Amino acid sequence: MAKSLVASAPKRGGGRRADSRRRNHSRTTFEAYLLIAPSLFGFLAFLVAPVVIVFVLSLFSWNLITSPQFVGLANYRQMFGDSQTWHALLNTVYYVVLNIPLQTVLALLLALALNRKMRGSKFFRVIFVLPWMAMPVALGVIWNWFFDPRSGIIDHVISMFGFTGPNWLTSSTWAMPVIASVNVWQYTGYTMLFLLAGLQAIPQTVYEAAALDGVNAVQRFFRITLPLLRPAMFFVLVTNVIGSFQQFDTVFVMTQGGPGQSTTTMNYYIYQQAFQLFHAGYAATLSILLFAVILLVTFAQFRYFRKRTIYDFS
Amino acid sequence: MATKPIRGRISSTTIYLLLSVGGLISIAPYLMTLNAAFKPQSTLLSTQAWTPATPATWSNFTQLWHQYDMSGFIVHATIVAGAITIGQLVFTTMAAYAFARLDFPGREPLFWAFIAMMMVPQIVTLIPLFLIMSHLNLIDTYRALILPYVFGTPYGIFLVRQFFQTIPADLEAAARIDGAGTWGILRRIMLPLSKPILATLATITFVNTWNSLLWPLMATSSERDEVVTVGIAALQGQFASELHILLPAAAVALLPLVAIFLVFQRHIVRSIALTGLK
C-alpha cells in the first residue's frame, strides 16, 4: 500500500511558535475528525455494530418474530454436523474455481491485446466493460432465455454444429458451470480494465533494456510483464475472490439453488435459512463461517503475493 | 517498439478478428434483449433471437406497465440509488481527504480498520441490519434502503484516498500560504482535480446500488418502496416463462446504466489507470 504523503510539520523552536503550532495541530485534528465523522458514524453503526451483533446472534435461536432464545454454542455444533452446510461451501468453492481462473486469464489476454497501440482500442475497452453494469437479476432472466432448451440461442447455435445441448439449468452437472460462465461474461471486461491500468504502469524502459539483452517474447512475458503486473493482479484477485464467495443474485434468479442442491452457494443457503426457514440465529452462525473462509483465503493471497514479490513498487 | 516481435507473429488482423468476436459476445445479450422486447408475443418464441423485430411493437411494454408498477419500481430505485450516490460522493470525499492529507491522532489505525472491514461479506451485516432497522421501525421504508450505504463505504474511501495521494502536495501548501483553510482547499483545489475519480465512484456506486438485490429483498415487502431488482425477481416468479413480459422488463432495468456509463466512460477508463494499483 502506498505510504501517506503527509509531511509532518517542520520542527521549530521558540515558545510562541510552538504554542501556535500546537493550536494549529489541534485545529487540524478537530477538522479531520469533522471530515471523517459521517463515514465513521456509518462505519460504526452499519458495519462494525452488525459484525458484533452477528456474533451475539449466533448464540441465539431466533425466528425473526418472537424473542430470541439463548442457546450457547448449539448453532455451531449444529453447523459442524450439517452436511448441507459443507455441500453449500463446496459448491461455493467450485463456483470460485470455475469463475476466477477463466475470468482472470481472459481478462489478461484482453488487456495484453488492448495495451498495444492500435486503432479502436478505446472503443473496445468501452464495449468490453459494458457487461459489468448489467443488473444480475435482469441478466438471469436473459440467460434463462438463452439457455432454454426449446427457444434458447445456445442450443440453436450448437445444433448448427451437430451437437445437442443438455438441459443446462435442470442438469446438476451443468447448472453451476452455466452460472459461472454468466459471471465470466459479466466481469471479464471490468477485470481487464484494472489489468490494463497495471500494464500501462510498467515503464517502457524496462522492455527496451530487455530488448537489448535479446530477450524473446515468451521470456519477456514471464520474466517482466507478469512480475511487474503483480500489484494489479493482487488487487483484482483479492477483490474478485471476495466477491465470488458471495454469489447470490444469479443463483437466486436462474436456479434457486437447484436442481437439488447443486447450485446452493453459501450466501444462498444463509438466505434460505434466515428468510425462508426463519432460522436467523443459525444463519448468523453460517455467515460467520463464510466470513472465516473469506478471511482465510484473503490472508493466504496476501501471504502468497508478499512472498513472491521480488520488486517493491509501493 | 517493444511489441514488434509479437506483431510479427500474430497479425493485427487476427487480433482484430478475435476482439470483434469478443466485443460481439459482450454486447449481444443487450442487443438481443432490446430487439426481443419489441417482438410481438406470437413471434418471440418462433423466431431466432437475432432476427430483427419486424414489425416492431410497443405492446409488450404497455402490457408490462399495465400489469405491473414498473414506473414505481424505477422511480424508487432512482431515488435510492441517487440518494446513496450523492451521500457517498460527499462523505467519501471528506473522509478520503482527511485520510490522505491531514495528520491526526488515530489516523493509521482507523484507516486500517476501514480497510479490514472491506473483507466482511455483505451477508454478515444483513441479518443484523434487518434487526437494527426493525427495531427502529424502518423496515419497508426508503430510509432502511438508504441509511446503511449513504455514509460511504471502505472501498470508496480507499479508492478516492489513493487518487488524492497522486495530487502534488505542493499545490496544497501554496494554497495554505495564501490563507486557504481545509474546506477551501478541498473545494477549490482537490475537487476540481478529482472529477475523473468522482465520476468513477459515482458510476460504481450507482451501478452497485441500482443492481443490488439482497438487502432490498429483505428490507422491503410492499410495492410502495420496492426497487426494480425486487420487482424483476417478483416478475420472474410470477411470469416464469412469459418472455414477452420479462424481456422488456430486463431491457428497462439495463438501459439507464448503459446510458450513464456511456456519458462517464472516458473518466472511468482514465481514472482507474491514474489511481494506480499499488
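Cut-off values and rules
- Residues numbered from 1 in each chain as written.
- Chains lettered and ligands numbered in written order.
- Predicted model: local features only at pLDDT ≥ 70, side-chain atom pairs only at ≥ 80, totals over all residues.
- Heavy atoms only, no water.
- Helix = DSSP H or I, 4+ residues; strand = E, 2+ residues; numbered from the N terminus.
- Rg over C-alpha atoms; globule rule 2.2 N^0.38 Å.
- Buried < 20%, exposed > 50% of the residue type's maximum accessible area, 1.4 Å probe, protein only.
- Areas by Shrake-Rupley, 256 points an atom, 1.4 Å probe, with all protein chains shown as cover.
- Contact = heavy atoms within 4.5 Å.
- 1 Å grid on protein atoms, 1.4 Å probe; cavity = no way out; pocket = protein on both sides within 12 Å on 5 of 7 lines; lining within 4 Å.
- Points joined across faces, edges and corners; volume = space filled by probe spheres on them.
- Nonpolar A, V, L, I, M, F, W, Y, C, P; charged D, E, K, R; others polar.

A.B. asks: Please give an account of the overall build of chain A that cites residues and values.
C.D. replies: Tallying secondary structure elements over chain A gives 13 helices and two strands in all. Radius of gyration (C-alpha) of chain A: 25 Å, far over the 20 Å computed for a compact globule of 314 residues. Each principal axis of the C-alpha distribution contributes one length, and for chain A these read about 80 × 70 × 35 Å. With 314 residues in all, chain A has 53% of them scored as buried. About 15400 Å² of surface is accessible on chain A, with carbon and sulfur atoms providing 64% of the total.

A.B. asks: Go over the overall build of chain B, please, and point to the residues and values.
C.D. replies: Tallying secondary structure elements over chain B gives 15 helices and zero strands in all. Along the first, second and third principal axes, the C-alpha atoms of chain B reach 70 × 65 × 35 Å. Per-residue burial for chain B yields a buried fraction of 56% across its 278 residues. Taking the intrachain contacts of chain B between residues at least 6 apart in sequence as the baseline, contacts between residues at least 24 apart amount to 72%.

A.B. asks: Which residues make up empty space enclosed by the protein, and what values go with them?
C.D. replies: Residues and elements named next belong to chain B. A full pass over the atoms with the stated rule returns two cavities of 30 Å³ or more. Within this model, the second largest cavity holds a volume of roughly 50 Å³. Together, Ala77, Val80, Thr209, Trp210, Ser212, Pro216 and Val227 line the second largest cavity. For the lining of the second largest cavity, the secondary-structure elements that each account for two or more residues are helix H5 (70-101) and helix H12 (195-211). Tallied by class, residues from the lining of the second largest cavity come to five nonpolar, two polar and no charged.

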